[in-house]
Amino acid sequence: MTGKNNQHAPIHQITPSRILVLLLLGWILCNAMTWSPVKIKCPYCGTKSVYYQLDSYDSHTYDYPSKYEYVFWPYVDGRVLYCCRRCWFTCFAWDFFSIPEGKRDGVKKILAKMAVFETDGDYNVIPMYYRLQIAEQIYQLYERNDGFWCHFYRVKGYHCAHEGKTADAAEARNKAFAYAGRLIADPVNAGISKEVFYIRGAMQYLLDDLDGALATFKYARQLRYYVPGADSGSLQDVNKYLNDLLDHYLEKIGKMK
């Protein structure tokens, strides 16, 4: 499975409740991960620049350590967050083709406040924490849902932590924790609550709330992930995947106490 010449492929637009099913399909279908340079026009100012486009992905990345933050590839790779070298319009690759109707004035106000980094034409040298600050404001204009924001702040927390922005990482993870609570409170998410409780517990752990994380993980371990209409074998595999993640944390916290 590849994303070449398909910049709006589903892999880029997955919601947290679908990611594990897609992961399982990926184990069967994918065995490579490549990027290629491509010229794309900025939807705000029209400047053409070189960006990296996803050609194919390796599902083994779903077993990288970032799974303990419930952040998966390509979100762990900075190339996925495009930033115009002229106007600084920033968003994920699959959203970098148009600006929703009626949002240009809002985008203009946001970009007018941005400082400039010397990039020599390569957007990927701009620190992710800075690009994510811009993208956060852009997406707030787009009125995204709770699932999007829970995921966005996990991604932001991941990159801020890796770039040494400890306070920013903690702030992002607190927000992800709060959005996970909102997802849990919505009855429509009852079937995927195991997944969301895992996310909530992971944020608690990363925020050094070991008691809270332990209680959350124990509760999540009793739940079962379920999506109506999904293949029973796939659901069984998803539940095993989540249980393995939970058991890892339960064992780790148990040794720390």
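Our subject is the structure that appears above.
Worth saying up front: this structure is predicted, and the values here are computed from it rather than measured.

K.L.:
Lay out the pairing of strand β1 (residues 34-41) in plain terms, naming residues and giving numbers.
P.N.:
Relative to strand β2 (residues 48-56), β1 runs antiparallel, the two being bridged by 8 bridges. Opposite Pro37, over in β2, you have Tyr52 as the bridge partner.

K.L.:
Explain the nonpolar core to me, and be specific about the residues and the numbers.
P.N.:
Counting residues in hydrophobic clusters, the biggest one holds 77 residues, and the most contacted among them are Phe89, Phe92, Phe96, Leu111, Tyr139, Phe152 and Phe217. Those residues within four positions of Phe92 in sequence are excluded, and the remaining contacts are Tyr75, Val80, Leu81, Tyr139 and Phe152.

K.L.:
Let's hear about helix α6 (residues 193-206): which residues, and what values?
P.N.:
The first and last C-alpha atoms of α6 sit 20 Å apart over 14 residues, in line with the 20 Å expected at 1.5 Å per residue. Of all the 14 residues making up α6, 12 are buried; the element is thus mostly covered by neighbouring parts of the structure. Listed in full, the buried residues belonging to α6 are Ser193, Lys194, Glu195, Val196, Phe197, Tyr198, Ile199, Gly201, Ala202, Met203, Gln204 and Tyr205. Looking one or two places after α6, you find Asp208, whose phi comes out positive at around 65 degrees.

K.L.:
Just give me the short version of the state of the cysteines, but keep the residues and values in it.
P.N.:
One pass over the full model with this rule turns up 0 disulfides. Cysteine Cys84 remains unbridged, with the sulfur of Cys45 as its closest cysteine sulfur at 3.5 Å. Taking the relative accessible area as the measure of exposure, Cys84 reaches 0% and is therefore buried. Here Cys87 stays free of any disulfide, with the sulfur of Cys42 as its closest cysteine sulfur at 3.6 Å.

K.L.:
Tell me about the packing of aromatic side chains, and please be specific about residues and values.
P.N.:
What the rule picks out here adds up to 30 aromatic pairs. Ring geometry for Tyr70 against Tyr198: centres 5.6 Å apart, planes inclined by 70 degrees, an arrangement best described as edge-to-face. On the criterion of sequence distance, the pair formed by Tyr70 in the loop between β2 and β3 (81-83) and Tyr198 in helix α6 is long-range, its members being 128 residues apart. Looking at Tyr70, the relative accessible area reads 1%, which means it is buried. We classify Tyr198 as buried; its relative accessible area is 0%. Between Phe148 and Phe152 the ring centres are 5.9 Å apart and the planes differ by 25 degrees, which places this aromatic pair in the stacked class.

K.L.:
Report on unusual backbone geometry, specifying residues and quantitative values.
P.N.:
Residues Trp73 and Pro74 are joined by a peptide bond in cis, for which omega reads 15 degrees. Inspection of the secondary structure assignment puts Pro74 in the loop between β2 and β3. Phi angles above zero are rare outside glycine, and Tyr70 is one such case at about 55 degrees. In the Ramachandran plot, Trp88 falls in the positive-phi region, its phi being about 75 degrees despite a non-glycine side chain. Checked against the element boundaries, Trp88 lands in the loop between β3 and β4 (90-92). Classification of Trp88 by relative accessible area gives buried; the value is 4%.

Calculation rules
Residues numbered from 1 in each chain as written. Predicted model: local features only at pLDDT ≥ 70, side-chain atom pairs only at ≥ 80, totals over all residues. Heavy atoms only, no water. Pairing = 2+ DSSP bridges. Helix = DSSP H or I, 4+ residues; strand = E, 2+ residues; numbered from the N terminus. Core = buried A, V, L, I, M, F, W, Y, C linked by side-chain atoms within 4.5 Å. Buried < 20%, exposed > 50% of the residue type's maximum accessible area, 1.4 Å probe, protein only. Contact = heavy atoms within 4.5 Å. Expected span 1.5 Å × (residues − 1). Disulfide = S-S within 2.5 Å. Phe/Tyr/Trp six-rings, centres within 6.5 Å; stacked < 30°, edge-to-face > 60°.

Remember, this is a structural readout, not a statement about activity or role.
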